[in-house]
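# Understanding the architecture of this molecule
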Amino acid sequence: MQEVTDQLNIKGIRTKRGGKISINSVTRMLHNRKYIGEYKYRDIVKPGGIPAIVPEDLFDKVQERMVSNKKAPAKHKAEDEYLLTTKLFCGKCQCLMVGESGTSQMKKKVHRYYKCVSVKKHQGCDKKTVRKEWIEDLAIAFIRTIVFDDDLVSMLCETATRVQNQENTTLPLLKKQYNDTLKSIDNLLNAIQQGILTPSTKQRMEDLEKQKTELSIQIIKEEMTKPIISAEEIEAYFNRLRKLNFKKIEHRRRLINTFINKIVLYDDGRIYFGCNYKDCSKEMTFAELEEANVFSSDISALGAPKYRIESFDLVRYFIL
Ligand SMILES: [Zn+2]
């Protein structure tokens, strides 16, 4: 829910009164049955009473999800949650790597790891298993290189400012056409008052009215597509991400789901990170990540990342 709220605000979506979207507004929206067309007046409920804009099966799925999210914390212990499920791939055979655990007989200690599906099914791959904590730490380390990249944040802020200051050339044109149409309607009305009435006058009037309506819709649409996200909002978003606790399971899950879309793991020390923002994707070696001091025990003391990320895709994501 917090993620949805953040994304709406970052895209410049505002409430009816022009305020920022709060987590409560999102909660209300997700529960609001008006979206599936239910009209309610006091105790009377009329399905289909208003136009539905959300399909009912989707709405039901969301309700189920909200119920299961409420129960989620008790469902299983945090360390049993494999955060990279469906995202981690074997570099040798391109199969998914899935979470597994085993208990050592000697010390009764539980070991958790990811294993290539092909290895699991004895289909010929010999990729080594990797420790769950190790690979998840590596993914978080990679995300940190994005989140703590000051140059990237200033670049995003600059772009946001530039895009917003760019003059919209369509809007003045539409407004001029709209005013011209109003003038034509006025002229025609004057003509009618003076008794100048031909069979085509009625048709002409209808055409002009139709044009007026179409133009006003286009103007509204154009005003809505104009990005209204500010540099301050982008900065605030990154500051919130930077304050997350990179060891806490909820925050780790949120970071991984926001940024990572695919990780491919090779046995020769290479690792590929596929980012949800295309241009952030990168192939690195474990050594490089270690060099970036990502395994420092005091994770908050990390300095600026050494690896620049070319993130035009990220810009596009925030602005559009
Ligand atoms: Zn494999």
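The following refers to the structure shown.

Basis of the calculations
- Residues numbered from 1 in each chain as written.
- Predicted model: local features only at pLDDT ≥ 70, side-chain atom pairs only at ≥ 80, totals over all residues.
- Heavy atoms only, no water.
- Helix = DSSP H or I, 4+ residues; strand = E, 2+ residues; numbered from the N terminus.
- Buried < 20%, exposed > 50% of the residue type's maximum accessible area, 1.4 Å probe, protein only.
- Contact = heavy atoms within 4.5 Å.
- Areas by Shrake-Rupley, 256 points an atom, 1.4 Å probe, with all protein chains shown as cover.
- Donors = N, O, S within 2.8 Å, 3.2 Å for Na, K, Ca; no water.
- Tetrahedral: all angles 85-135°; square planar, octahedral: opposite > 155°, others 65-115°.
- Core = buried A, V, L, I, M, F, W, Y, C linked by side-chain atoms within 4.5 Å.
- Pairing = 2+ DSSP bridges.
- Patch = residues over 30% accessible without salt bridge, like charges linked within 9 Å, V, L, I, M, F, W, Y side chains within 5 Å.
- Salt bridge = Lys/Arg side-chain N within 4 Å of Asp/Glu carboxyl O.
- Lys, Arg positive; Asp, Glu negative; His and termini not counted.
- Charge placed at Lys NZ, Arg CZ, Asp CG, Glu CD.
- Phe/Tyr/Trp six-rings, centres within 6.5 Å; stacked < 30°, edge-to-face > 60°.

### With respect to the overall build of the protein chain
- Regarding its fold elements, the protein chain presents 12 helices and nine strands.
- Classification of the 320 residues of the protein chain by burial places 35% in the buried group.
- Looking at the protein chain alone, contacts between residues at least 24 apart form 57% of all its contacts between residues at least 6 apart.
- About 20,300 Å² of surface is accessible on the protein chain, with carbon and sulfur atoms providing 53% of the total.

### Some thoughts on the coordination of the zinc ion
- Bound to the zinc ion on the protein side are Cys90 (SG), Cys93 (SG), Cys116 (SG) and Cys125 (SG), at distances that span 2.3 Å.
- Relative to the metal, the four donor atoms surrounding the zinc ion lie at angles of 96 to 120°, and the coordination shape comes out tetrahedral.
- Read in sequence order, the donor residues coordinating the zinc ion give the pattern C-x2-C-x22-C-x8-C.
- On the basis of relative accessible area, Cys90 is assigned to the buried category, the value being 0%.
- On the basis of relative accessibility, which here comes to 29%, the residue Cys93 falls in the partly exposed class.

### Focus on the nonpolar core
- Core analysis: the biggest nonpolar cluster contains 44 residues, and Ile135 and Phe259 have the highest contact counts within it.
- Here this core gets eight residues from one element, more than from any other, and that element is helix 5 (residues 132–147).
- In this structure, Ile135 is in contact with Leu84, Leu88, Tyr114, Val130, Leu265 and Ile271, ignoring residues within four places of it in sequence.

### Quick word on helix 1 (residues 2–10)
- Looking only at helix 1, the buried set comprises Thr5, Asp6, Gln7, Asn9 and Ile10.
- Phi turns positive, to about 80°, at Gly12, one or two residues after helix 1.

### So, the pairing of strand 4 (residues 97–103)
- Bridging between strand 4 and strand 5 (residues 110–116) involves seven bridges; their strand directions are antiparallel. Bridge pairing in strand 5 links Gly102 to His111.
- Between the end of strand 4 and the start of strand 5, which pair antiparallel, lie six residues, with Lys108 showing a positive phi angle near 55°.

### Some words on a negative patch on the surface
- Together, Glu56, Asp57, Asp60 and Glu64 make up a negatively charged patch on the protein surface.
- Note on placement: Glu56 falls in helix 3 (residues 56–75).

### A few points about the sheet that holds strand 6 (residues 130–131)
- Read across the sheet, three strands follow the order 4-5-6 without closing on themselves; strand pairing throughout is antiparallel. Two strands lie at the open edges of the sheet, namely strand 4 and strand 6, each paired on one side alone.

### Details of the pattern of salt bridges
- Here the structure, examined in full by the defined rule, presents 16 salt bridges.
- The salt bridge involving Lys92 is made with Asp267; its shortest N-O contact spans 3.4 Å. Of this pair, Lys92 sits in the loop between strand 3 (88–90) and strand 4 while Asp267 is found in the loop between strand 7 (260–265) and strand 8 (270–275), placing the two residues 175 residues apart along the sequence.
- For Lys92, a relative accessible area of 44% corresponds to the partly exposed category.
- A salt bridge links Glu206 to Lys202; the nearest nitrogen and oxygen atoms lie 3.1 Å apart. Taken as a pair, Glu206 and Lys202 lie in helix 8 (residues 199–225) at a separation of four residues, close to a single helical turn.
- Looking at Glu206, the relative accessible area reads 41%, which means it is partly exposed.

### Points about helix 10 (residues 249–259)
- Within helix 10, eight of the 11 residues are buried, which leaves the element mostly enclosed by the surrounding structure.
- Three or more residues of helix 10 are buried, namely Ile249, His251, Arg252, Arg254, Leu255, Ile256, Thr258 and Phe259.
- Here the buried face of helix 10 lies against helix 1, helix 5, helix 9 (231–243), strand 7 and strand 8.

### Observations regarding the packing of aromatic side chains
- Summed over the entire model, instances satisfying the criterion amount to four aromatic pairs.
- Residues Tyr82 and Tyr114 carry aromatic rings whose centres are separated by 5.4 Å and whose planes lie at 85° to one another, so their mutual orientation is edge-to-face. Of this pair, Tyr82 sits in the loop between helix 3 and strand 3 while Tyr114 is found in strand 5, placing the two residues 32 residues apart along the sequence. Pair check on accessibility: Tyr82 and Tyr114 agree, each one buried.

Distances and angles like these do not, on their own, reveal function.
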